[in-house]
Amino acid sequence: MADHAIVAEGLLKRYGDKKALNGFDLAVRTGTVHGVLGPNGAGKTTAVRALCTLLRFDAGRAEICGIDVAGQPARVRERIGLTGQYAAVDEQLSGRQNLVMFGRLLKLRPAAAKRRADELLAQFGLTEAAGRNAGQYSGGMRRRLDLAASMVIVPQVLFLDEPTTGLDPRSRNQVWDAVRSLVAEGTTVLLTTQYLEEADQLAGRISVVDTGRVVAEGTADELKAKIGGDRVEVVVRHADELAAVADIVGRVCHSVPQTDRDVRRVGTQVADRVAALTGVVRALHEAGIAVEDIGTRRPTLDEAFLQLTGHRANEEATA
Amino acid sequence: MRRLRLAAADGWIMTRRNMSHLVRTPEEMVLYFALPIMFVLVFGYVFGSGMSVPGGGDYREFLLPGVFAMTMLYGMGATGTAVAVDAGRGVVDRFRSMPVARSALLVGRSTADLMRAALEMSVLVVCGLLVGWEWHRGIGRALLAVALVLALRVAITWIGIYLGLVVRNADTVGTIVFPLAFPLTAVSNVFTAPELMPGWLGTLAEWNPLSATVAAIRELFGNPGLAGTGSWATENAMLLAIAWPVVLTAVFAPLAIRSYQRLSR
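As a starting point, this report considers the structure included with it. Model, not experiment: these values are computed from the prediction.

Some points on the packing of aromatic side chains
So, point 1. Applying the stated criterion across every chain, the model contains 13 aromatic pairs over all chains.
So, point 2. Ring geometry for F43 of chain B against F191 of chain B: centres 4.0 Å apart, planes inclined by 20°, an arrangement best described as stacked. Of the two residues, F43 of chain B is situated in helix α2 (residues 26-47) and F191 of chain B in the loop between α7 (170-186) and α8 (199-207); the sequence distance between them amounts to 148 residues. The pair formed by F43 of chain B and F191 of chain B is uniform in burial state, with each residue classed as buried.
So, point 3. Above the plane of the ring of Y45 of chain B lies R60 of chain B, whose end atom (NZ or CZ) is 4.1 Å from the centre.
So, point 4. The ring of F102 of chain A carries R94 of chain B above its face, with NZ or CZ at 5.3 Å from the centroid.

Section: the interface of chain B and chain A
So, point 1. Contacts between chain B and chain A engage 25 residues on the former and 34 residues on the latter.
So, point 2. Between chain B and chain A the total buried area reaches about 2600 Å² when both faces are included, carbon and sulfur atoms providing 54% of it.
So, point 3. When residues of chain B are sorted by the area they lose upon contact with chain A, R24, R94 and P99 of chain B head the list and together hold 27% of the total.
So, point 4. Connecting chain B to chain A are four salt bridges.
So, point 5. Ionic pairing is found between R17 of chain B and D90 of chain A, a salt bridge with its closest N-O pair at 2.5 Å.
So, point 6. In this structure, the connection of chain B to chain A is made through 14 residue pairs in polar contact (both at pLDDT 80 or more).
So, point 7. Broken down by secondary-structure element, the contributors of at least two residues to the side of chain B that touches chain A are α1 (2-24) and α4 (91-97) of chain B.
So, point 8. Among the elements that make up the side of chain B that touches chain A, the one with the highest residue count is α1 of chain B (eight residues).

Here's the deal with the sheet that holds strand β4 (residues 59-64) of chain A
Residue and element names in this part refer to chain A.
So, point 1. Pairing is antiparallel in the open sheet, where four strands are placed in the order β2-β1-β4-β5. Looking at strand neighbours, the two that pair on one side only are β2 (18-29) and β5 (67-68), the edges of this open sheet.
So, point 2. Alignment of β4 against β5, held across two bridges, turns out to be antiparallel. Counted as the bridge partner of I64 is I67 from β5.

What about the pattern of salt bridges?
Residues and elements named next belong to chain B.
So, point 1. Tallied over the full model, the rule gives 21 salt bridges over all chains.
So, point 2. With a closest N to O distance of 3.1 Å, R109 and D113 form a salt bridge. With R109 and D113 both in helix α5 (residues 104-130) and four residues apart, this pair spans about one turn of that helix.

Section: the state of the cysteines
Residue and element names in this part refer to chain A.
So, point 1. Following the criterion strictly, the structure yields zero disulfides over all chains and no others.
So, point 2. We note that C52 lacks a disulfide partner, and the nearest cysteine sulfur, in C65, lies 12 Å from it.
So, point 3. Classification of C52 by relative accessible area gives buried; the value is 0%.
So, point 4. By relative accessible area, C65 is classed as buried at 17%.

Concerning unusual backbone geometry
Residues and elements named next belong to chain A.
So, point 1. At T53, a residue that is not glycine, the phi angle is positive and equals roughly 70°.
So, point 2. You can see T53 is positioned in the loop between α1 (44-51) and β4.
So, point 3. The backbone of T211 shows a phi angle near 45°, a positive value even though the residue is not glycine.
So, point 4. Mapped onto the fold, T211 is located in the loop between β9 (205-210) and β10 (213-219).

Some details on the environment of A170 of chain B
All names here are of chain B.
So, point 1. Mapped onto the secondary structure, A170 falls in helix α7.
So, point 2. Through-space distance from the C-alpha of A170 to that of A82 is 7.3 Å; in sequence the pair is 88 residues apart.
So, point 3. With residues up to four places along the chain from it excluded, the contact list for A170 reads T81, A84 and V85.

Calculation criteria
Residues numbered from 1 in each chain as written. Chains lettered and ligands numbered in written order. Predicted model: local features only at pLDDT ≥ 70, side-chain atom pairs only at ≥ 80, totals over all residues. Heavy atoms only, no water. Phe/Tyr/Trp six-rings, centres within 6.5 Å; stacked < 30°, edge-to-face > 60°. Helix = DSSP H or I, 4+ residues; strand = E, 2+ residues; numbered from the N terminus. Buried < 20%, exposed > 50% of the residue type's maximum accessible area, 1.4 Å probe, protein only. Lys NZ or Arg CZ within 6 Å of the ring centre and 35° of its normal. Contact = heavy atoms within 4.5 Å. Buried area = accessible area lost by both parts, 1.4 Å probe. Salt bridge = Lys/Arg side-chain N within 4 Å of Asp/Glu carboxyl O. Polar contact = N/O pair within 3.5 Å; in protein donor to acceptor, adjacent residues only side chain to side chain. Pairing = 2+ DSSP bridges. Disulfide = S-S within 2.5 Å.

Nothing here speaks to function; it is all geometry.
Below, the structure is given as structure tokens:
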């Protein structure tokens, strides 16, 4: 088996003047979950569609399980599953009919297709709704059915394009659990998301995408480290103490701290968090200022994203 | 050979999928049959008394072949809508990301629509027999006539598929089909004889693909209305009833297939 289940090199996709993919690179190790993180319009969906053989790209090279996507799409399709943002099921058929149909299309015999459909319905808590038209399902149920449809035959590579966008927390957890159980069976997963939390929860490595290319890649911790180290933060009791505290923090940490008046907080990046924290505590004690809270924390992925792309994850990318 | 067999199997699964839609939405089926039956009743009984059949004969005998062909034409709406619904949702993406023959979706659509048309024809024939229409020249010619009607439906299916893929919005397809289909039925020999229309309109009506099929099947069924003006189009209706569906399919099937392939852009 190939070392990397998904490889993309310099993918380019033009729509008129706009480059939806502009030198998109990706390498996902077999058996891992890889997150693709980026705002709307960053090119996440275009990349997934290109890798899934749904979209012809203009330049570059892509391989799934060592098979050339452009050259042998039919062989790639035998190995992949796709669950998109929009539930890709037949809304005029029942949940069970959908799964049986997909099983038949995957060359399962009729009895095997029915058995597999019933297993999946049970696994996704859809047994009771099995006979109802998928069009009458709630958003969460439809998404679960959609995910089940991608798992009729356990795929070697599963593409999840924003699988939990618009889902309530309970449905989202069900989707996450299903993904984890697939990974346990050895499936490689490519997950696109706008939610930093989701990438943090599920993915081993993360590619941050902006304007059609990967702007940063690494584990969640590496990405957080990339934007500088930890932060020391102090919350004061009275807003009029903010200036004095900012002065102390700045002096101890040799930096220009940020002050957030609304939450009465002073914070700054530091190189050595333990030394900085003890220094600030001692200096505050000497100045006789009693504070509400003090501590260190790692930056969130959201802050990492802001630093890497210049805008927040939930903002539209400026085209 | 193996590839062909697999493609046929995939096409058949898609055909069954489309037929299941029909079974699961019986209300749509009822509405669908209501229109042609209404045309039979309204034109046959309400307007029929004021209509004259060229060369004489019963108006309902004249009308039924027209309603057969017209029902096929209005099937374009059902085809186009179903294709637009598919293309507008993610389900086609799933099919296309699976190891499924690329032809399956379109093969399934056209096969299912043909089966559906055969069902409609059965209902209409029964309806026709009830209002006094019948075939007079033997079951062989009658079946040949039905085959000509279904050939027209095949051509119309491909136009509908093309329309659905281009428009990709079910509601829009619905609003496009009526203004497209209505003049085609009005300026034809479905309800009245072209020789009763002003000259240029009559010529247009005679060359209408719908008219060719209707004239041909009137002859095969032995139904009235074939006095004709002696023009080339009416004299060669049988030829045109075969040529039109062939030409329309030859034009629209490749267009539809190309639009389908363009989904990968």
